[in-house]
Amino acid sequence: MTKRVLFKLFVEEKNVGKAINIMTLAGITGFFLHKYRGLSPDKIKNLSKEELENIEKIYDIIENESDKAVVIGTVVKNEKAKKIEELLKERMSDERWTVMKIPILKVKVHKV
């Protein structure tokens, strides 16, 4: 059986179109999108314990300091994942993106 992975591509919201075009060029026809707000540790590492325990302060930091981003996910064969990564390196070399590949051990569909 060919090994498959859950391929997750994290991109800034402004680059979703580019990323979807790359997925399409690699032959991907089905994927999911999930919008989120990312916050790097650098943005909160200088906060005191009291500030971190203040929920209003945390909400304010998330609202004003976080980056808008999207996760694009799909299940692909390992070879296809490599192709997507090559296209990302070639076409989005100046952009921020992260790839996460999670091995798929089993897929069971209950109803179709």
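Before reading further, recall that the structure is shown in the block above.
Now for a description of the structure that goes with this document. (Residues numbered from 1 in each chain as written. Predicted model: local features only at pLDDT ≥ 70, side-chain atom pairs only at ≥ 80, totals over all residues. Heavy atoms only, no water.)

1. Remarks on the sheet that holds strand β3 (residues 67–77)
Worth spelling out the cut-off: Any two strands between which DSSP finds at least two bridges are classified as paired. Secondary structure counts use DSSP, requiring at least four H or I residues in a row for a helix and at least two E residues in a row for a strand, with both numbered from the N terminus. The angle between two axes is taken between their N-to-C directions and runs from 0 to 180 degrees, where each axis is a line fitted to C-alpha atoms and a helix contributes only its stretch in contact.
Here 4 strands make up an open sheet; going across it, the order is β2-β3-β1-β4 and the pairing antiparallel. The open sheet has two edge strands, β2 (32–38) and β4 (97–103), and neither has a second partner. Going across the sheet, the axis of each strand differs from the next one's by a mean of 25°, ignoring polarity.

2. Things to note about the packing of helix α1 (residues 16–25) against helix α4 (residues 78–91)
The criterion, for reference: Note on angle classes: values under 35 degrees are labelled roughly parallel, values over 145 roughly antiparallel, values of 65 to 115 roughly perpendicular, and the remainder oblique. Helix crossings fall into two classes, left-handed where the near helix is turned counterclockwise from the far one by less than a right angle and right-handed where it is turned clockwise. The contact criterion used is simple: two residues touch if any of their non-hydrogen atoms lie within 4.5 Å. Residues are grouped as follows: Ala, Val, Leu, Ile, Met, Phe, Trp, Tyr, Cys and Pro are nonpolar; Asp, Glu, Lys and Arg are charged; every other residue, Gly included, is polar.
Here α1 crosses α4 at 135°, and the two axes come no closer than 9 Å. It follows from the interaxial angle that α1 and α4 lie oblique. The handedness of the crossing between α1 and α4 is right-handed. In this structure, α1 uses Ile22, Met23 and Leu25 to contact α4, whose residues at the interface are Ile84, Leu87, Leu88 and Arg91. Considered class by class, the residues forming the contact of α1 with α4 number 6 nonpolar, no polar and 1 charged.

3. A word on α1
Basically, it comes down to this: Relative accessibility thresholds used throughout: buried, under 20% of the residue-type maximum; exposed, over 50%; partly exposed, between the two (1.4 Å probe, protein chains only). Comment: arc refers to directions from the helix axis out to C-beta atoms.
Among all positions of α1, only Val16, Ala19, Ile22 and Met23 are buried. Along the axis of α1, the buried positions cluster into a sector of 125°, meaning they face one direction only. The inward-facing, buried residues of α1 abut β1 (4–12), β3 and α4. Gly27, located one to two residues past α1, shows a positive phi value of around 95°.

4. Some details on the pattern of salt bridges
Which entries qualify depends on this criterion: In the sections that follow, a salt bridge refers to a side-chain nitrogen of Lys or Arg positioned within 4 Å of a carboxyl oxygen of Asp or Glu.
Taken as a whole and judged by the stated rule, the model has 7 salt bridges. For Glu95, the salt bridge is made with Lys18, and the minimal N-O distance between the two is 3.0 Å. On the criterion of sequence distance, the pair formed by Glu95 in the loop between α4 and β4 and Lys18 in helix α1 is long-range, its members being 77 residues apart. The class for Glu95 is partly exposed, based on a relative accessible area of 23%. Overall, the relative accessible area of 39% leaves Lys18 in the partly exposed class. Among the ionic pairs, Glu85 bridges to Lys101, the shortest N-O distance being 2.8 Å. Taken together, the positions of Glu85 in helix α4 and Lys101 in strand β4 put the pair 16 residues apart, joining distant regions of the chain. Put simply, Glu12, Asp67 and Arg96 are held in one network by salt bridges that share partners.

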